[in-house]
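# Observations on the three-dimensional arrangement
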Amino acid sequence: MAYRVIIPAAGQGKRMGAGKNKILLELNQLPIIIHTLRVFEMDEDCEGIILAVNPQDEDEMKSLLDKHQITKVTSFVSGGKERQHSIYNALKQVGQEGIILVHDAARPFLDKNLLRSLIEAAKTSGAAILGVPVKDTVKKATGNFVAETVERTSLWAVQTPQAFRFSILFEAYRKAEEDNFLGTDDASLVERLGKDVVIVEGSYDNIKLTTPEDLYFAEAIIRKRIEQ
Ligand SMILES: Nc1ccn([C@@H]2O[C@H](COP(=O)(O)OP(=O)(O)OP(=O)(O)O)[C@@H](O)[C@H]2O)c(=O)n1
Ligand SMILES: C[C@](O)(CO)[C@H](O)COP(=O)(O)O
């Protein structure tokens, strides 16, 4: 089923500490953003990519798209203060029906084969997200004292892409802005509308490159893929 994807790429990469937007760092001689975009460039069902970028990164991004023959980027939008604002700026540009995905530029290792089941789930339910079962024990704290151990069997570490019927996601973002609500993922805005969100089991390789340690895991994933 055809879809469009919003790629938020307008962060600062503060936790990576690289002094630049982390998605411009290279992995295996290729910028992280290009690894991510190639997944959708090579997916025949992807009809278009909307890229949210920092104005100061725009020229570099455009030359990277040309250099690496990424042709499906249909529009650039300016990023906002938070991830949610960047995505809303993009949503306002998309303005059509159908299925819309949101996928972090900082997740370059998405397995294209997971897209089919995610999109099918979104088509049926209106909202679907990738996630993996949590492996560590998770606790809530008050200060640095344990307040509660969260029962693990129902815990998922949620990823992107997150897939939605466009009308549902647009209403969720509109309502969140009206209520001045800030969520850390797109599904949390949809959940506020009382909509069901389906979890589709993804891959532990689909990591978000956030802190320097994640680059070690990234190198290992790249090596694994080269050896396959
Ligand atoms: N205002 C923002 C913040 C984040 N993002 C994007 O959202 C994704 C997930 O955000 P995160 O991993 O937090 O990236 P940064 O915000 O760059 O990281 P940090 O919080 O460490 O600065 C990234 O692809 C990032 O580029 C965005 O488009 N606009
Ligand atoms: C959307 C997300 O990738 C799901 O795990 C995550 O919430 C993004 O968090 P960030 O702090 O904006 O990177």
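Every chain's residues receive numbers from 1 upward, in the order its sequence appears when written. Chain A is the first chain written and ligand 1 is the first ligand written, with later ones labelled in order. Given that this is a predicted model, residues contribute local features only at a pLDDT of at least 70 and side-chain atom pairs are listed and counted only at 80 or more, while totals for whole chains, interfaces and linings are drawn from all residues. Note that the side-chain values use all heavy atoms of the structure and ignore hydrogens as well as water.

Another aspect to go through is the environment of Ala-176. Where helices and strands are cited, they refer to DSSP runs of H or I of at least four residues and of E of at least two residues respectively, numbered from the N terminus. By the secondary structure assignment, Ala-176 is in helix H5 (residues 166-178). The buried label goes to any residue with under 20% of its type's maximum accessible area, the exposed label to any with over 50%, and the partly exposed label to all in between, with areas taken from a 1.4 Å probe on protein chains only. Since its relative accessible area comes to 0%, Ala-176 is described here as buried. For the pair Ala-176 and Leu-193, spaced 17 residues apart in sequence, the C-alpha separation works out to 9.5 Å. Two residues form a contact once any of their heavy atoms are found within 4.5 Å. Every residue in contact with Ala-176, bar those within four places of it in the chain, is listed here: Gln-84, Phe-181, Leu-189 and Arg-192.

What follows is about the layout of surface pockets. Buried and open spaces are told apart on a 1 Å grid over the protein atoms alone, a cavity being a set of points where a 1.4 Å probe fits but cannot get out and a pocket being an open set with protein on both sides within 12 Å along at least five of seven lines. Residues with an atom within 4 Å of a point are the lining residues. Grid points are joined across faces, edges and corners, and a volume is the space filled by probe spheres set on the points. Of the voids in this model, the largest pocket is the one considered here, and its volume is about 970 Å³. In terms of lining, the largest pocket is formed by 33 residues, of which the most central are Gly-11, Arg-15, Lys-22, Arg-83 and Lys-208. Elements with a contribution of two residues or more to the lining of the largest pocket: helix H3 (83-94) and strand E10 (156-165). Per-class residue counts for the lining of the largest pocket are eight nonpolar, 15 polar and ten charged. Lining the second largest pocket are 15 residues, with Val-132, Lys-135, Ala-157, Tyr-204 and Ile-207 positioned closest to its centre. Secondary-structure elements contributing two or more residues to the lining of the second largest pocket are strand E7 (127-133), E10 and helix H7 (212-227). Examining the composition of the lining of the second largest pocket, we find that three residues originate from one element, E10, more than from any other. Classes in brief: Ala, Val, Leu, Ile, Met, Phe, Trp, Tyr, Cys and Pro nonpolar; Asp, Glu, Lys and Arg charged; the others, Gly included, polar. Looking at the lining of the second largest pocket residue by residue, the classes come out as eight nonpolar, two polar and five charged.

Another aspect to go through is the site of ligand 2. Taken together, the residues surrounding ligand 2 are Arg-15, Arg-83, Asp-104, Arg-107, Val-158, Thr-160, Thr-184, Asp-185 and Lys-208. Take Asp-104: an N or O atom from its side chain is 2.6 Å from an oxygen atom of ligand 2. A distance of 2.6 Å separates an oxygen atom of ligand 2 from a polar side-chain atom of Lys-208. Protein coverage of the free-state accessible area of ligand 2, which is 360 Å², stands at 74%. In a pocket analysis with a 2 Å cut-off to the grid points, ligand 2 is assigned to the largest pocket. For the shell around ligand 2, the class distribution of residues is one nonpolar, two polar and six charged. Note on definitions. A residue lies near a molecule or strand when any single heavy atom of the residue is within 4 Å of it. Here a polar contact means two N or O atoms within 3.5 Å. Within protein one must be a hydrogen donor candidate and the other an acceptor candidate, and residues neighboring in sequence count only if both atoms are side-chain atoms. Every accessible area reported is derived by Shrake-Rupley at a probe size of 1.4 Å, with residue values counting cover from the shown protein chains alone. In this scheme, a molecule is assigned to a cavity or pocket if more than half of its atoms are within 2 Å of the grid points.

UniProt positions are given in the numbering used here, feature names are shortened, and annotations may be inferred rather than shown by experiment. Feature annotation in UniProt assigns "site: Transition state stabilizer" (unreviewed entry) to the following positions: Arg-15 and Lys-22. Of the annotated set, the members that line the largest pocket are Arg-15 and Lys-22. By the element assignment, Arg-15 lies in the loop between strand E1 (3-8) and strand E2 (26-27). Overall, the relative accessible area of 59% leaves Arg-15 in the exposed class. Looking at the element boundaries, Lys-22 is found in the loop between E1 and E2. Setting aside residues up to four positions removed in sequence, Lys-22 forms contacts with Gly-13, Met-16, Ile-32, Ala-106, Leu-209 and Thr-210.

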